[in-house]
Amino acid sequence: MQLKMTNLKFIIKSLGLLLFVLGGSNLQAQEVIITDSTSIGIESDIQEKIQDRSGRFKVDGVAAVIGDFVVLESDIDKMYLELQSQGVSTADVTNCNLAGRLMENKLYAHHAIQDSIMVSDAEINANIDQQMAYMTQQVGSMEKVLEFYKKDSEAEFRAELFEINKQNRLASEMQRKIVNAVEITPEEVRAFFTDIPEEERPVFGDEVEIAQIVVEPEIPQEQKTEIINRLNEMRADVLENGASFATKAVLYSQDPGSRSSGGKISLTRKDPFVKEFKDAAFSLQEGEVSKPFQTEFGYHILTVDKIRGQQVDVRHILLIPDVTEETKQKAFDEIENVRERINSKEISFADAAKEVSDEEETRESGGKLVNPTTGDTRFELTKVDPLLYEQVVNLEEGEVSRVLTDQDNTGRPFYKIITVTNRFPEHKANYAQDYNKIKELALRDKQLEAIEKWQKEKINETYVKVNGEYRNCEYSSNWLKNL
């Protein structure tokens, strides 16, 4: 395979594209304004007046039918407006581009159903709960949310969000199935690299390997006891006096994701909640209230609203114990002492990490960080988080940073020191030095080929009907089935 320069640039850019494919369910769960059509029975059932981009009214029609799904002209208009609302430049975006994207989504969703790919209604409902809570928080009330989206009721809005989320999730899972089946051998990686002309090989920017030591302030036992006592009082008020659990969640819970909805969460055993939370949720009967229990986020009490087969609807109240000025100072002094010992050569950074670091994920590796995007230990400076960039950009190799303050996922402070264990200056791709990156590029190229092949085959065997002006578009895929 002769790789052209334009193709290589596309593959490099698509390191992010296929991460979007693989992680699409989480990202798309937030894209609630992009209105996607739902599955249909009869096209003529979907004719209504909408306002087009010029402000004139037109009759909404069916732009395309893909299997059991349709793309409405209104879907295309609304997707255009959504791109604008997200700050994306739409100067070169055409209706044909948007129609093609929506048809691809329908194709994936249609064949996900044909392949019996299952998605969890509980997980979709949990995403909707988060979306609704976020939107309510942004505009102030559910009434304002419904007014903004021109919906008559919360039930109607939830039903529409459910269809949008379900189709997006089906499409994402179908894409995941396609790319997960793709594997690449070392021989294919070498062939991919050697096929790139010398003058067209990518240039990798300055990279660093980083290690850190983390010391967390201790939470005093009296803080934990106070939190547990407060939760026990709330539990007793609910059980003995009939107080509203939901109202207490709104007033006192420190979980921003569920507080505004009265602590409500829907989940199944397969959903990505911490073990302690799931154990509590599935150990209770409807109406029961748990005793206080601890997770990495803090202390909770939980009640079960409804059990629906494998799904359970719960409400919870989270209280987060805080550290004190005394324990913060003690932690700061400890890490400052460790820093001085490293700088005086009394102990190596790696040994100090194993000895004192509170970060379990990095402690045994001597504090070495792993790049979550690539899976290796290198971080390209131009692509790292801006905060991390500021912390390491001026460090010499082997130099230890000053003591830095950070926050955990509950907002509690902790302290850390960072060192750069290796620096790799900007360079043209080298097979031995950059094998992991080259392997990633080669795998993405092969996955894109698999996606293109799958689309071509499935379009040919799927009922596709493109209507009106959309028959005049030039698509990258053969939606018109021109033989």
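The rules behind each value
Residues numbered from 1 in each chain as written. Predicted model: local features only at pLDDT ≥ 70, side-chain atom pairs only at ≥ 80, totals over all residues. Heavy atoms only, no water. Phe/Tyr/Trp six-rings, centres within 6.5 Å; stacked < 30°, edge-to-face > 60°. Helix = DSSP H or I, 4+ residues; strand = E, 2+ residues; numbered from the N terminus. Buried < 20%, exposed > 50% of the residue type's maximum accessible area, 1.4 Å probe, protein only. Pairing = 2+ DSSP bridges. Axes fitted to C-alpha atoms, helices over the stretch in contact; angles between N-to-C directions. Contact = heavy atoms within 4.5 Å. Expected span 1.5 Å × (residues − 1). Arc of directions from axis to C-beta. pLDDT = per-residue confidence, 0-100. Polar contact = N/O pair within 3.5 Å; in protein donor to acceptor, adjacent residues only side chain to side chain.

This next bit is on the packing of aromatic side chains. Using the criterion set out here, one finds 6 aromatic pairs in the structure. On the basis of an interplanar angle of 15° and a centroid distance of 5.1 Å, the ring pair of Tyr108 and Trp454 is categorised as stacked. Here Tyr108 is found in helix H4 (residues 95–114), whereas its partner Trp454 is found in helix H16 (residues 435–461), with 346 residues between them in sequence. Its relative accessible area of 3% is what places Tyr108 among the buried residues. With a relative accessible area of 10%, Trp454 lands in the buried category.

It is worth spelling out the pairing of strand E3 (residues 62–66) at this point. Summarising burial for E3: 5 of the 5 residues are buried, a large majority. Pairing geometry for E3 and strand E4 (residues 69–72), over 4 bridges, is antiparallel. Residue pairing across strands places Ala64 opposite Val71, the latter belonging to E4. Between E3 and E4, which follow one another and run antiparallel, lie 2 residues, and Gly67 among them has a positive phi close to 60°. Here E3 runs beside strand E15 (residues 464–466); their pairing, made up of 3 bridges, is antiparallel. When the sheet's bridge partners are listed, Ala64 is paired in E15 with Val466.

Here the focus is the sheet that holds strand E7 (residues 264–267). A sheet is described by the order of its strands in space; here 4 strands give the open sequence E7-E10-E9-E8, paired in antiparallel fashion. Both edges of this open sheet fall to E7 and strand E8 (293–295), since each of them pairs with a single strand only. Across the sheet, the mean angle from the axis of one strand to that of its neighbour is 45°, orientation sign disregarded. Pairing analysis gives 9 bridges linking strand E9 (residues 298–308) to strand E10 (residues 311–319), with the strands arranged antiparallel. Its bridge partner being in E10, Leu302 is matched across the sheet by His316. Against the sheet, helix H5 (residues 121–139) contacts E7 and E10, and its axis sits at roughly 155° relative to E7. Along the sheet, helix H9 (residues 221–241) makes contact with E9 and E10, crossing E9 at roughly 30°.

Glancing now at unusual backbone geometry. The backbone of Ser116 sits at a positive phi, close to 60°, despite the residue not being glycine. Within the element layout of this structure, Ser116 appears in the loop between H4 and H5. A relative accessible area of 55% means that Ser116 is categorised as exposed.

The first and last C-alpha atoms of helix H12 (residues 325–343) sit 27 Å apart over 19 residues, in line with the 27 Å expected at 1.5 Å per residue. Those residues of H12 lying buried are Thr327, Lys328, Ala331, Ile335, Val338, Arg341 and Ile342. Looking straight down H12, one finds its buried side chains confined to an arc of 155°; they lie on one side. For H12, the exposed residues set more than 90 degrees away from the buried face come down to Glu325, Glu326 and Lys330. Buried residues along H12 sit against strand E6 (207–215), helix H13 (349–356) and strand E13 (413–424). Positive backbone phi, approximately 70°, marks Lys345, located one or two places after H12.

Okay, the confidence of the model for the protein chain next. Mean pLDDT over the protein chain stands at 84; residues scoring 70 or higher make up 87%. Below pLDDT 50 for its whole length, residues 1–59 participates in 128 contacts with residues either more than four positions away or in separate chains.

This brings us to the environment of Ile76. By secondary structure assignment, the location of Ile76 is in helix H3 (residues 73–85). Taking the C-alpha atoms as reference points, Ile76 and Ala99, 23 residues apart in sequence, are found 6.3 Å from one another.

Another aspect to go through is the side chain of Arg378. Mapping Arg378 onto the fold places it in strand E11 (residues 378–380). The exposure class of Arg378 is buried, given its relative accessible area of 14%. Here Asp434 takes part through its side chain, which lies 3.4 Å from a polar atom of the side chain of Arg378. Discounting chain neighbours no more than four positions away, the residues touching Arg378 are Glu207, Val208, Glu209, Asn371, Phe424, Gln433, Asp434 and Lys437.

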